[in-house]
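Chain and residue survey
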Amino acid sequence: KSKQDGRNLIRQYDPQAQKVLNARMALSNDLNLALRDGQLKLLYQLQVDAENQARGAECLMRWHHPQHGQVSPVEFIPLAEDSGAIVAMGDWVVRLACETLARWAQVPQLSHLTLSVNVSPRQFTETDFVARISHILQDTGASPHLLRLEVTEGIVMQDKHEVIAKMRELCALGLSFSIDDFGTGYSSLSYIQTLPLAELKIDKAFVNELTTSERAQAIVKAIIAIGHSMGITLVSEGVETQAQKDQLLALGCTLLQGYLITRPIECAALEDLVISRHSSPMMYSLI
Ligand code: C2E
Ligand code: MG
Ligand code: MG
Ligand code: MG
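Bear in mind that the values here come from a model prediction, so they are computed numbers and not experimental data.

For the rest of this paragraph, the subject is the packing of aromatic side chains. Taken as a whole and judged by the stated rule, the model has four aromatic pairs. Aromatic pair tryptophan 63 and phenylalanine 76: ring centres 5.8 Å apart, planes at 85°, arrangement edge-to-face. Remark: phenylalanine 76 occurs in helix H2 (residues 73-83) and tryptophan 63 occurs in strand E2 (residues 54-65); sequence separation between them is 13 residues. By relative accessible area, tryptophan 63 is classed as buried at 0%. A ring pair is formed by phenylalanine 124 and phenylalanine 177, whose centres lie 6.4 Å apart and whose planes are at 80°; its orientation type is edge-to-face. Separated by 53 residues along the polypeptide, phenylalanine 124 in helix H4 (residues 121-125) and phenylalanine 177 in strand E6 (residues 176-182) bring together distant segments of the chain. The buried category is assigned to phenylalanine 124, whose relative accessible area is 1%. Residue classification places phenylalanine 177 among the buried residues on the basis of a relative accessible area of 0%. Just above the ring of phenylalanine 124 sits the side chain of lysine 166; from NZ or CZ to the centre is 5.4 Å.

Most of strand E1 (residues 40-48) sits out of view: eight of its nine residues are buried. Pairing between E1 and E2: nine bridges, direction antiparallel. Counted as the bridge partner of leucine 46 is alanine 57 from E2. Linking E1 to E2, which pair antiparallel, is a turn of five residues; within it asparagine 52 sits at a positive phi near 70°.

Each value, and the rule that gives it
Residues numbered from 1 in each chain as written. Chains lettered and ligands numbered in written order. Predicted model: local features only at pLDDT ≥ 70, side-chain atom pairs only at ≥ 80, totals over all residues. Heavy atoms only, no water. Phe/Tyr/Trp six-rings, centres within 6.5 Å; stacked < 30°, edge-to-face > 60°. Helix = DSSP H or I, 4+ residues; strand = E, 2+ residues; numbered from the N terminus. Buried < 20%, exposed > 50% of the residue type's maximum accessible area, 1.4 Å probe, protein only. Lys NZ or Arg CZ within 6 Å of the ring centre and 35° of its normal. Pairing = 2+ DSSP bridges.

Below is the structure:
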């Protein structure tokens, strides 16, 4: 009832809070069956470079609930993390991404594209995480060099040495790492700089304010400087306007991802888009 306790505090006999909790539990139960019942799918969001050339895509999970319709990953990913369902769901995403990469390897206009997959802290903690990824790569025949794993600063909450060791093992297989939503977590720069990273992703919250807030602009500049000093790729997510795009490129950002380029779309639609763009001078932004 009273908001004074702070929003994270659920009071024992608050019927409203109990209702929310029950709804979450029901959704979490449904999520356990979502994978088995084919309610999950994967969308792909393009990443382009300064010349508007397609360089890769991020894989984003979608859940169509039989009663509630589309449920946002912002809502269901934390539930899947809590219940552990994320482990099987994560394997499914990696497998699908690798199957796509293997298929694209046969298509000249698509064979250079990378695929980025989000990996949650809970998935990464699994003791056999490296073995699972390795197994999927072998099974599908995907080139590990085109597979990128996006982790958040949240993984730093785990044992530092274990995290670095795991990342190194995976890098040795040929794949690469990206820090997602960089600058929104609690990791220290000294720690980040010890990780084997290929990419930093600038969070859409900063991109969103880039053209209106000097503070956001200073943060984006600083992130780009850090990335350049590490010699790695910088990807901006949530690019929605031409002004944001222009400014990000002027600041030295390498790749752009956002509604300005395309929304997350079905795999076949992305393939059509890249192939048609390849044979005509049309810009993605006009589609
Ligand atoms: P994220 O990895 O930071 O993904 C970027 C999010 O920004 C996506 O939200 C994407 O649809 C959205 N986005 C892209 N361009 C724009 C834009 O121009 N404007 C705006 N307003 N939004 C844009 P989405 O798909 O809802 O996913 C939300 C989060 O859920 C992801 O954030 C990621 O943390 C998580 N997630 C999604 N799929 C997976 C998955 O397969 N595994 C795991 N572990 N997490 C996932
Ligand atoms: Mg991501
Ligand atoms: Mg992100
Ligand atoms: Mg984000």
